[in-house]
Amino acid sequence: MVRFTTRPELRGTFGMVASTHWLASAAGMAVLERGGNAFDAAVATGFALQIVEPHLNGPGGDLPAIVYSAERDDVVVICAQGTAPAAATVARFRELDLDLIPGTGLLPAVVPGAFDGWLLMLREFGTWTLGDVLEFAIGFAENGFPVVPRISTTIAFVEQMFRDEWTTSADVFLRDGVPRAGALFRNPDAAATYQRIVDESRGGTREQELDRARALWYEGFVAEAIDRFARTEAMDSSGTRHAGFLTGEDLASWRATLEPPVSLEYRGHTVFKTGPWGQGPVFLQQLALLEGFDLADLGIASAELVHTVVECAKLAFADREAWYGDPDFTDVPLALLLSKAYADERRVLVGPRASAELRPGGPGARLPAPVGGTVAAGVGEPTRASGDTVHLDVVDRHGNIVSATPSGGWLWSSPVVPGLGFPLGTRAQMFWLEEGLPNSLEPRKRPRTTLSPSLAFRNGDPYLAFGTPGGDQQDQWSLVAFLHHVDFGLDLQAAIDAPSFHTNHFPSSFYPRDAHPREIEVEGRFAQDAIDDLRGRGHDVVVTDDWALGRVSAVAREDGLLKAAANPRGMQGYAAGR
């Protein structure tokens, strides 16, 4: 049993905000204190995260969120995952002699969806104006925020490439050299972009203001700047300069949407995830497999627990590779993949030894052909291992709950759009350039993203919101914390603090799509006998630092009590509440 936690599980009755940065959590809590609801607070928190964690997300990125509205008594998914440009086809990439879509630059840009996603949440469920929720982000960008060490190391990693190739990025992030950890950093261009939207959209009703703000972004000066810049050439991770495919028309023709969630029952909990345009259902597939094991008897951080969870993850993620994609373009057999009979059939494949295979199930499953890629010097993905994403959770006294995982538009993903202060996202790198797969590139299609917020009921009552950054690890790190809480009875903070682990067995969703069969990573707090046991079962065990894996946060409500917890790893995630 965990006897020490890095901080208390917060408890109160008014409201709770947890996120991957303390300034963003403070902004969200300030909204609750000033009378806003959970949705207002989430939007303010999300916009703040774009500014204070620019190495992990940005205004040009994307957003999935799962929300529970107490007034509507309904769970809804907000899909703000931008789509591929109309001109982006497999044939066009083949003409460029590419087998994989680069991970950086302008070629992998999709429609920047986060802005409309936050506006949709604000319109449908919030009460505040856009100017009010943007006040915090504009303030951080204009007046400055303290640089966390990871921002400094990330900018230092790409400094020469910024100076040589992405000079518009150098203008924003290297104005006074590589920003020093702890020093104030300002982004006046981003502040001016958001302030202009606020100023030019003012007047009339709240809904009219939101309509005008959306038009300014997707049809006005923001879209025009993106359209112009995407036509220029920029160095990318292929080692060649390419222009992008994204146009103003792509932005004007796209909208964020409200969708029903996918759900599964697990030990008295109903867990809600996004559809298979995201990897969210893989969390549910893992739960379906794990329900057949008595995990509580195995012990936290035990070899038996790690082996069982990892071998189930391999089966679930193999199905992700074979079946998941935008359901507007492909038939994903979710009813089969989430059925009890299918889980019973697949569970027998979990043996005493580590599997070296990628074994999807279902009728006629087809995996992408392996493709080897290289990363050009200076344009790689320096933060992927630590989670190139942010996360936030909010619950208010009214019973509203939000879980959101914004990402994309990282400062090193693509050159900054001149005058806007931020780069575009590169989510198209997750498409395959092999025809006929569920996640093959097609115009106006959503890439199968790794972004995966979570929301759960307990015994039929709205209970928990949680999630983490981490790419392919999101539905592993959050699963481990969820199991610690549900199967082992740890409180939210103890569940997050307990030693974590994941597997790198399946192909990465990110360029260059590498895979490491049998490889698992465990934190250094694992006992040596557990590590030896795992190696004896055939796992290739990589032992990380003691506090390295995951950035999970969570909020919950139970019998009138509100709870929150945040991850200590990285030393910047915090929860706030009362």
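Calculation rules
Residue numbers run consecutively from 1 along every chain, following the written order of its sequence. Per-residue local features of the predicted model are confined to residues with pLDDT of at least 70, and side-chain atom pairs are confined, for both listing and counting, to 80 or more; whole-chain, interface and lining totals are unaffected and use all residues. Side-chain numbers come from the whole structure's heavy atoms, not from hydrogens or water. To pair, rings of Phe, Tyr and Trp, with the six-membered ring standing in for Trp, must have centres within 6.5 Å; the planes then decide the type, stacked if under 30 degrees apart, edge-to-face if over 60, and tilted in the middle. The secondary structure listing takes helices from DSSP runs of H or I that are at least 4 residues long and strands from runs of E that are at least 2 residues long, numbered from the N terminus. Each pair of strands is called paired provided DSSP finds at least two bridges between the two strands. Axes here mean lines fitted to C-alpha atoms, for a helix over just the part in contact, with angles spanning 0 to 180 degrees between N-to-C directions. The contact criterion used throughout is that any non-hydrogen atoms of two residues lie within 4.5 Å. Exposure is judged per residue with a 1.4 Å probe applied to protein chains only, and the accessible area is read against the type maximum: over 50% gives exposed, under 20% gives buried, and values in between give partly exposed. Lining residues are defined by having an atom within 4 Å of a point belonging to a cavity or pocket. Those points lie on a 1 Å grid over the protein atoms alone, cavities being sets where a 1.4 Å probe fits but cannot get out and pockets being open sets with protein on both sides within 12 Å along at least five of seven lines. Grid points are joined across faces, edges and corners, and a volume is the space filled by probe spheres set on the points. Ten residues, namely Ala, Val, Leu, Ile, Met, Phe, Trp, Tyr, Cys and Pro, are considered nonpolar, four, namely Asp, Glu, Lys and Arg, are considered charged, and the remaining ones, Gly among them, are considered polar.

### Some points on the packing of aromatic side chains
No. 1: Applying the stated criterion to the full structure yields 24 aromatic pairs.
No. 2: Taking the centre distance of 5.3 Å and the plane angle of 75 degrees together, the rings of Phe-93 and Phe-245 count as edge-to-face. Here Phe-93, found in helix α3 (residues 90-95), pairs with Phe-245, found in the loop between β8 (241-243) and α11 (248-252); they are 152 residues apart in sequence, far enough to count as distant.
No. 3: Plain terms: the ring middles of Trp-410 and Phe-510 are 6.4 Å apart, the flat faces sit at 50 degrees to each other, and that makes the pair tilted.

### Thoughts on the sheet that holds strand β2 (residues 15-19)
No. 1: Read from one edge of the open sheet, 7 strands run β9-β4-β3-β13-β12-β2-β21, paired in antiparallel fashion. The two strands at the open ends of the sheet, each matched to only one other strand, are β9 (257-259) and β21 (574-577). On average, each strand axis in the sheet is inclined to that of its neighbour by 15 degrees, with strand direction left out of account.
No. 2: Contacting β2, β3 (63-69), β12 (392-396) and β13 (401-404), helix α2 (residues 38-52) crosses the sheet at an angle of about 155 degrees to β12.

### A short note on the environment of Gly-364
No. 1: Mapped onto the elements, Gly-364 comes out in the loop between α15 (340-347) and β12.
No. 2: For Gly-364, a relative accessible area of 69% translates into the label exposed.
No. 3: With 107 residues separating them along the chain, Gly-364 and Thr-257 place their C-alpha atoms 31 Å apart.

### Regarding empty space enclosed by the protein
No. 1: Counted under the stated rule, the structure contains 6 cavities of 30 Å³ or more.
No. 2: Roughly 110 Å³ of volume is contained in the largest cavity.
No. 3: Surrounding the largest cavity, 17 residues form its lining, Gln-50, Pro-54, Phe-173, Asn-187 and Gly-421 being those nearest its centre.
No. 4: Residue classes in the lining of the largest cavity are distributed as 11 nonpolar, 6 polar and no charged.
No. 5: Along the walls of the second largest cavity sit Leu-464, Phe-466, Ala-481, Phe-482, His-485, Leu-492, Ala-495, Ile-496, Val-552 and Ala-554, which together make up its complete lining.
No. 6: Where the lining of the second largest cavity is concerned, the elements lending two or more residues are β15 (461-467), α16 (474-486) and α17 (492-497).
No. 7: For the lining of the second largest cavity, the residue count by class is 9 nonpolar, 1 polar and no charged.

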